[in-house]
Amino acid sequence: EDQAIARKTAMADGGSGSCGESSSGARRWQQRWLLPLSAILPGALLGGYDALSFLTASRLDPVSYQIIIKTRVVLTALIWQATFKQSVSAAQWCALLLFIASSAAKATDHLSSATGHWHDVALALLQAALGSMGSVAGEKLLRQSGMSVDGYNLWLSFWGLALMLWVQLHVDGPSGMYANLIAPEAWRRLSTDAPMVLAVLTLAISGITASYFVRAFTSITKELCGVLVIVVSSIIEWFVLASSPATTQGWIAVIASIAAAAVYSCYPITPDAKHGDDRLQSDSGGDSAVEDDEEHLGSCTGGSRP
């Protein structure tokens, strides 16, 4: 009887070891291959958004472009509700609509004649939809996987760049791609274009920091941060650069932006606990990983964890 008990104990110990090794091996395989591949969808969506932005911004006047792109906050809210199975309250919708109204008022201030055709508007709407889907897909990936924010930024940029390079190759061919991206003359033109260099650096910094923001809050909150752009840009335009006068419509846009921020601050959108980032309490996910290993070992040995 004692020998039988000893054999069972040895078998249990051996099973635990093999299960532990398989569990850690599966986790390493997931971290190395599955998580980077899971960033393809948000990377492709946001890469498509960036690629279309150059096309639509050149075809539409600034007023129409800004108004259409600001509708992204509504699309983001609708997609976010369907993805995370949470509802946006009436007060929160009020804040979103105030933000859109303030954006439209600011965009149409000092209105000039609009340009562009209906297909250009359709492209801008497609661009807004791609941006909304990419933002929500990235938030879902950050909240429900073990990927760190730095790893997410790395692979998101990699897949987005890969998509834009493929589009460049498809449109201009190898020779055009070389002339526009690789040739020394292309880099010389970029180095002498200070606004372009500043725009690239600004967009890169905002894209990196936005991922940390989305992890702590939501994609909808990130979109609503555009109220700060309206307020700050108006102050710079009116009082610093003095490039245009402060009109009544401009002040209405600023006041509506502040009202949107105030309403949303009273009724912020927070992720539901069951869809939250409980696996992302730390970049390493140490505690949850230990618990998962213990549960896996318990199931392998036929036991249960207290």
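Residues numbered from 1 in each chain as written. Predicted model: local features only at pLDDT ≥ 70, side-chain atom pairs only at ≥ 80, totals over all residues. Heavy atoms only, no water.

## So, the side chain of Glu139
Secondary-structure assignment places Glu139 in helix H6 (residues 118-144). Judged by its relative accessible area of 1%, Glu139 falls in the buried class. The contacts of Glu139, once residues within four sequence positions are left out, are Trp80, Phe84, Val214, Phe217, Thr218 and Ser219. (Helix = DSSP H or I, 4+ residues; strand = E, 2+ residues; numbered from the N terminus. Buried < 20%, exposed > 50% of the residue type's maximum accessible area, 1.4 Å probe, protein only. Contact = heavy atoms within 4.5 Å.)

## Thoughts on the nonpolar core
Counting 16 residues, the largest nonpolar core has Trp80, Leu96, Phe99, Ile220, Leu224, Tyr264 and Ile269 as its most contacted members. Among the elements of the structure, helix H4 (72-84), helix H5 (90-108), helix H10 (219-224), helix H11 (226-240) and helix H12 (248-266) are those that each provide at least two residues to this core. A total of four residues in this core trace back to one element, the largest contributor, which is H4. Among the nonpolar cores identified, the runner-up in size contains nine residues, and Leu45, Leu52, Leu60 and Ile69 belong to it. (Core = buried A, V, L, I, M, F, W, Y, C linked by side-chain atoms within 4.5 Å.)

## Side note on the side chain of Thr221
Turning to its location among the elements, Thr221 is positioned in helix H10. When residues no more than four places from it in sequence are discounted, the contact partners of Thr221 are Phe213, Tyr264 and Ile269.

## Re the packing of helix H7 (residues 149-182) against helix H9 (residues 194-216)
Two elements in contact, H7 and H9, have axes separated by 10 Å at closest approach and are oriented at 135°. With respect to their mutual orientation, H7 and H9 come out oblique. Regarding H7 and H9, the two cross each other, and that crossing is right-handed. Residue-level contacts link Val149, Asp150, Tyr152 and Asn153 of H7 to Gly207, Ile208, Ser211, Tyr212 and Arg215 of H9. Grouping the amino acids of the contact of H7 with H9 by side-chain chemistry returns four nonpolar, three polar and two charged. (Axes fitted to C-alpha atoms, helices over the stretch in contact; angles between N-to-C directions. Parallel < 35°, antiparallel > 145°, perpendicular 65-115°, else oblique. Left-handed = near helix turned anticlockwise from the far one by under 90°. Nonpolar A, V, L, I, M, F, W, Y, C, P; charged D, E, K, R; others polar.)

## Points about a nonpolar patch on the surface
Residues Leu228, Val232, Ile235, Ile236, Phe239, Val240, Leu241, Trp251 and Ile255 make up a contiguous nonpolar surface patch of roughly 910 Å² in combined accessible area. For the nonpolar patch, the elements supplying multiple residues, two or more each, are H11 and H12. The element best represented in the nonpolar patch is H11, accounting for six residues. Among the structural elements, Ile255 can be located in helix H12. (Patch = residues over 30% accessible without salt bridge, like charges linked within 9 Å, V, L, I, M, F, W, Y side chains within 5 Å. Areas by Shrake-Rupley, 256 points an atom, 1.4 Å probe, with all protein chains shown as cover. Salt bridge = Lys/Arg side-chain N within 4 Å of Asp/Glu carboxyl O.)

## Describing the confidence of the model for the protein
Caution is warranted with low-pLDDT regions, since their predicted coordinates should not be read in detail. Chain-level statistics for the protein give a pLDDT mean of 78 and a share of 75% at 70 or above. The element-level mean pLDDT for the protein is lowest in helix H13 (residues 286-301), coming to 43, with H4 highest at 93. Note that residues 8-16 has pLDDT below 50 and, in this model, three contacts with residues that lie over four places away or in other chains. Low confidence marks residues 276-306, where pLDDT is under 50. Its contacts with residues over four positions away, or in another chain, come to 35 contacts. (pLDDT = per-residue confidence, 0-100.)

## Section: the packing of aromatic side chains
What characterises a pair of aromatic rings is the spacing of the ring centres plus the angle enclosed by the ring planes. Tallied over the entire structure, the rule returns six aromatic pairs. With 6.3 Å between their ring centres and 90° between their planes, Trp238 and Phe239 make a pair best called edge-to-face. A connected cluster of aromatic rings, assembled from ring pairs, spans Trp155, Phe158 and Trp159. Sitting over the face of the ring of Phe84, Lys140 holds its NZ or CZ atom 6.0 Å from the ring centroid. (Phe/Tyr/Trp six-rings, centres within 6.5 Å; stacked < 30°, edge-to-face > 60°. Lys NZ or Arg CZ within 6 Å of the ring centre and 35° of its normal.)

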